[in-house]
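Examination of the molecular architecture
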Amino acid sequence: MTIFFSASSDVSDEVKNEYKKIIDSLIGAGYSVSQSIFNDITRRKLVNENDFVFVYDDVLKKIDNADILLADISFPSGGVGYQIYHAVFQRKPVVIIYKKDGKTNPSVIIRGIKSKKVAIIGYENNNDLEKVMLEAVAKAC
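Read on for a plain summary of the structure. (Residues numbered from 1 in each chain as written. Predicted model: local features only at pLDDT ≥ 70, side-chain atom pairs only at ≥ 80, totals over all residues. Heavy atoms only, no water.)

**Considerations on the packing of aromatic side chains**
Within the structure shown, the criterion is met by four aromatic pairs. Aromatic pair Phe 5 and Tyr 19: ring centres 5.6 Å apart, planes at 70°, arrangement edge-to-face. One end of the pair, Phe 5, is in strand E1 (residues 2–7); the other, Tyr 19, is in helix H1 (residues 13–28), with 14 residues separating them in the sequence. Summarising the burial analysis for this pair, Phe 5 and Tyr 19 share the class buried. Taking 6.0 Å as the distance between ring centres and 45° as the angle between the ring planes, the aromatic pair formed by Tyr 56 and Tyr 82 counts as tilted. Residue Tyr 56 is located in helix H3 (residues 49–65), and its partner Tyr 82 is located in helix H4 (residues 78–89); the two are separated by 26 residues in the primary sequence. (Phe/Tyr/Trp six-rings, centres within 6.5 Å; stacked < 30°, edge-to-face > 60°. Helix = DSSP H or I, 4+ residues; strand = E, 2+ residues; numbered from the N terminus. Buried < 20%, exposed > 50% of the residue type's maximum accessible area, 1.4 Å probe, protein only.)

Structure, rendered in structure tokens:
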């Protein structure tokens, strides 16, 4: 089972370390994880239109090849929103997670998705994230 992990890349190193823990938890649970946050492709200097097209095509191909999309929307990102839309359009199971810290609130558009294949899961802290995330992913399978 392959999961594509989607999250904002425009975050602090501390948050990226939390993303790595999410990926490690998924791998530890036996899932294969693809993503674009820590790949060489996102570290490339994007200088022309072909670079943007290459990244766009690469991300969508990874989503198409995944069984599930797991998206962290704790830090808003238009790119993550588009990736969620793409997965929903492809009729893939989507698990959306966000930290319930008073700063993050899923948008009206996210809350308005009417698909039984989409789960929106809030978590209180990083300690309960692994449990609720793995339960939601297992249910989505």
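Let us keep going from here.
**Topic: H4**
Counted at 1.5 Å a residue, the expected span for H4 with its 12 residues is 16 Å, and the 16 Å between its end C-alpha atoms agrees. Packed against the buried residues of H4 are E1, H3, strand E3 (68–72), strand E4 (94–99) and helix H5 (108–111). One side-chain oxygen at the N-terminal end of H4 lies 3.3 Å from the backbone nitrogen of Gly 79; it belongs to Ser 77. Of the residues flanking the end of H4, it is Arg 91, one or two places downstream, whose phi is positive at about 65°. (Expected span 1.5 Å × (residues − 1). Contact = heavy atoms within 4.5 Å. Polar contact = N/O pair within 3.5 Å; in protein donor to acceptor, adjacent residues only side chain to side chain.)

Limitation: the analysis is restricted to geometry and does not speak to function.
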